[in-house]
Amino acid sequence: MIAFTLDGLPVQAAPGETIWQVAKRVGTDLPHLCLKPTPGYLPDGNCRVCMVAVEGERTLVASCRRLPTPNMVVSTNAERAVTARRLVLELLLADQPARADAPDPDAAIWRTADQLGVQSSRFAPTRTAPPCDQSHGAITVSLEACIACGLCAQACRSVQVNDVIGMAHRGTATVPVFDLDQMLGQSTCVACGECVQACPTGALREATLVGRSTAAADTIDTLCPYCGVGCQTTVTVDAGAIVKVDGRAGPANGERLCVKGRFGFDYIDHPHRLTQPMIRRADAPKDAACRIDPANPWDTFRPATWDEALTVAAAGLKAVRDGSGGQALAGFGSAKASNEEAYLFQKLVRVGFGTNNVDHCTRLCHASSVAALIEGIGSGAVTAPFTAVADSDCIFVIGARPTENHPVAATYLKQAVKRGAKLIVADPRGHALMDHATHRLQFRPGTDVALLNAMLHTIVTEDLIDRASIAAYVDGYDAFARNLSDFSADAMADVTGIAAETIRQAARAYATAKAAILFWGMGISQSTHGTDNARCLIALALITGQIGRPGTGLHPLRGQNNVQGASDAGLIPMVYPDYAAVDAPEHQARFEAAWGRALDPIRGLTVVEILDAAASRSIRAMYILGENPAMSDPDQAHARTALATLDHLVVQDIFLTETAMLADVVLPASAHAEKLGSYTNTNRQVQIGRPVRPPPGEARVDWQIIQDLANRLGLAWCYPDAGAIYEEMRATMPSLSGLPWQRLLAEGAVTYPAADAETPGQDILFGDRFPTASGRARLVPARLTAPGEAPDPDYPLILTTGRLLEHWHTGAMTRRARVLDQLEPAAMVAIHPDLAHTLGLQAGDRAQVTSRRGAITAAIRLDPEVPVGVVFIPFAFAEAAANQLTNDALDPVG
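Residues numbered from 1 in each chain as written. Predicted model: local features only at pLDDT ≥ 70, side-chain atom pairs only at ≥ 80, totals over all residues. Heavy atoms only, no water.

Next up on the list: the overall build of the chain. The helix and strand inventory of the chain stands at 28 helices and 36 strands. Its C-alpha radius of gyration of 29 Å places the chain within 12% of the 29 Å reference for a compact globule of 894 residues. Each principal axis of the C-alpha distribution contributes one length, and for the chain these read about 90 × 70 × 65 Å. In the chain, which comprises 894 residues, the proportion classed as buried is 61%. Considering only contacts in the chain between residues 6 or more positions apart, those separated by 24 or more positions represent 71%. For the chain, the exposed surface amounts to about 32,300 Å²; the carbon and sulfur share of it is 52%. For the chain, the distance from the average site of its 77 positive side-chain charges to the average site of its 94 negative ones is 3 Å. (Helix = DSSP H or I, 4+ residues; strand = E, 2+ residues; numbered from the N terminus. Rg over C-alpha atoms; globule rule 2.2 N^0.38 Å. Buried < 20%, exposed > 50% of the residue type's maximum accessible area, 1.4 Å probe, protein only. Contact = heavy atoms within 4.5 Å. Areas by Shrake-Rupley, 256 points an atom, 1.4 Å probe, with all protein chains shown as cover. Lys, Arg positive; Asp, Glu negative; His and termini not counted. Charge placed at Lys NZ, Arg CZ, Asp CG, Glu CD.)

Take a look at the structure:
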């Protein structure tokens, strides 16, 4: 520690701590404009409003950059320092518009003016600003307010690592520019809004807020409702409406957000919101092909009171249960609901319906990953957070597009590369993260096992394995190594389309790294050989010892905001909460004691099996909470036909989704921003989401609806609040034993597992043993298997589906968010320019895409990152739904 004097008081600075940081720590509020005291930003010292006096030095110094030295004497309130700060601010204000005309009248520059008592400037303007740039739907550029502080460039280059913004020109003409001095709307900006949050003047401002003051509005700390990253947010609410979302310093995001988190909030006020219960009209029979106008559903449904709707909903479920047995019932829960709602939903199905037929979207995302992880290491959770890349010198990403699907997580990966880490990216379709890769492996679709086994073959034959780790913690190595004999890099080069030496170089980079970490996504798991893909990835980590240490691990990136928590809470047909097998007598007895009811010992049906059973009439009734299988399930026509065949369907949602259109009873639910609950992100961080407003109209909080329905089925539940549900759930889940509700409320986010209520959660798992009976992991060999469907002369192209940066899942939320839908308003089909030339198509042409299951029409988009024989279609657009085309072939394990 460095001892010095600050304003006459003895203080100490840690190594690397600036005068400004010490002053803030001891309670001295020094003004600042070009400084953003957030990880990722560096002090520039160019605005000069934080200057202080140092005894014995002629000139004032910028406190944001100056490091204290032993016995230094610093004065923050010396007259010459205060006068200089006021003068600097006057000079800056000379080029600002009047506060009443400023793009952000509450910006930091005006708050600083208030702090320093500077109301106007004596100086004449020094520059003429370019005209306002309103070319972007999310962000307005008003350079008349710019002070050239450079924070926007830091935000874009160093924090989000998008490299769109740079500072151009000289002297008073210095301004930020986008790409090669383009209009923002024509640039490669991804609208993360980091520049907006960093800007101290409003020169970069949310387009909807230009000129508007939000000083009198309320702010609430909560969570983003979208992907599994779990970004913490501060939401600004004015007159009952969300008007602004900022990133908050959470453990997963460090104040960062993506375009969805920052601009995708107004869906909750869309005119399509369900605000009253509805019952299907007697003269409106179900039709699998029907489309109902969500703004005018009254030809199909009639409004009902809550009492009537719940009575009809429960009566239909009870009639099937009592007449055909619990096995004729099923429930789909939601990975967007809270932990408490997921727990209560699966409990209702098991206790109230009398069946384990309960599942959710994890079945169609990471079920094969979880199957392989439990088989191999005894746990389905990630072994390290994505922030562990700070300690990695090699990062391997395969079958995932984090720059689109987990953009904030991607910032940590890109920062690690800038620091010097190697990045291996493997994917059949090129994407933005590949621009940062040191090893780019664009392999042929469906050849994942060939590529990974070739890497494993290289590691084994070149003796790059960690023998000590294998001996201490891993079973099955000899048989596993023998299986690799046919998978040399030379033999797999023609299969994968990747040169043998390129495969070997990637394998060596991963195996020889001091600390390497693995990330994967739906490209690995959504496959008929998804479990084999994941087995190979697990083997990579196990045989090289790249697990259980800082900077190492296995991380299947979770897709939805609570898919980890919903799975943990037991929203899976073969396990109770905390993955306790339903067909294990000891677990059945434990949950029967906890819940006071006899439980079915037979494993339930999965999502896809339930829909097959509905089509064959062995499932007769369903309760669906916040899921949209009519859009998201493979072979959409089959899914819709199955749902339409049900005797009774109850759907609880915030919009009249394609699934709700087939319901007998529709129950209006609460959006994420309208309820209190806990959510578990992809890093195993359990976080509190807080309501920013009540649900609209007659809509209700989801757990209350579940409880009301349960009571009409004879369960007599009486939970007073979400905390009571959580504590019951925690009592059944050892993983949450160290995370009591009051701790979550106090800390906001805690990683599980934690030894007790006072101990920090454990970020890195399995350093000394695995959660298996023997404490050892298991290697499982994988062989090449044929895809569920291969190109032929009639259908010569390969279809791949996925998300767009701007749209979430089936689009129910994001397509009702004004900014997001403006940025990506229409369905499209992305193909390589060479394929377009061969087919005689140009960008913007309408084209029909046909598979053996259906056909859709959408606009052509030319994308050189899509391989020539491949077609990419996002599945967020109901008017051209990709899942009308997809094959419903299954992974036999997951």
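On to the sheet that holds strand β13 (residues 278-280), then. Sheet architecture is open: seven strands sit in the order β14-β13-β27-β26-β25-β15-β16, paired in mixed fashion. Here the strands that pair on one side only, and so sit at the sheet edges, are β14 (301-303) and β16 (358-359). Where strand β15 (residues 329-332) lies against strand β25 (residues 621-625), four bridges are found, and the strand directions are parallel. Looking at the pairing, Phe332 lines up with Ile624 of β25. The strands that helix α7 (residues 306-324) touches are β13, β14, β15, β25, β26 (648-653) and β27 (665-668); relative to β27, the one it contacts most, it runs at about 130 degrees. Here helix α8 (residues 339-353) sits on the sheet in contact with β15, β16 and β25, set at roughly 175 degrees to β15. (Pairing = 2+ DSSP bridges. Axes fitted to C-alpha atoms, helices over the stretch in contact; angles between N-to-C directions.)

With that settled, the discussion passes to the state of the cysteines. Taken as a whole and judged by the stated rule, the model has zero disulfides. No disulfide involves Cys192; its sulfur sits 6.2 Å from the nearest other cysteine sulfur, which is in Cys195. You can call Cys192 buried: its relative accessible area is 10%. (Disulfide = S-S within 2.5 Å.)

Right, let's talk about helix α20 (residues 585-595) for a bit. Of the residues making up α20, those classed as buried are Gln588, Phe591 and Trp595. For α20, the buried positions fall inside an angular range of 75 degrees around the axis, keeping them on one side. In α20, the exposed positions angled more than 90 degrees off the buried face are occupied by Pro585, Glu586 and Ala593. Tucked inside the fold, the buried residues of α20 contact α8, β23 (575-576), β24 (580-581) and α25 (722-732). Positive backbone phi, at 70 degrees, marks Gly596, one or two positions downstream of α20. (Arc of directions from axis to C-beta.)

This brings us to the environment of Ala153. Examined against the element boundaries, Ala153 turns out to sit in helix α4 (residues 151-159). The residues touching Ala153, leaving out its near neighbours within four places in the chain, are Ser158, Ile165, Gly166 and Met167.

This brings us to the nonpolar core. If you look at soluble globular proteins, the nonpolar side chains tend to sit buried side by side. Leu204, Ile242, Leu348, Ile395, Phe519, Tyr623 and Leu739 are the most contacted members of the largest nonpolar core, which has 132 residues in total. In this structure, Leu739 is in contact with Val686, Tyr726, Arg730, Leu744, Val750, Thr751, Tyr752 and Ala754, ignoring residues within four places of it in sequence. With 59 residues, the next largest nonpolar core counts Leu452, Val474, Phe487 and Ile547 among its residues. (Core = buried A, V, L, I, M, F, W, Y, C linked by side-chain atoms within 4.5 Å.)

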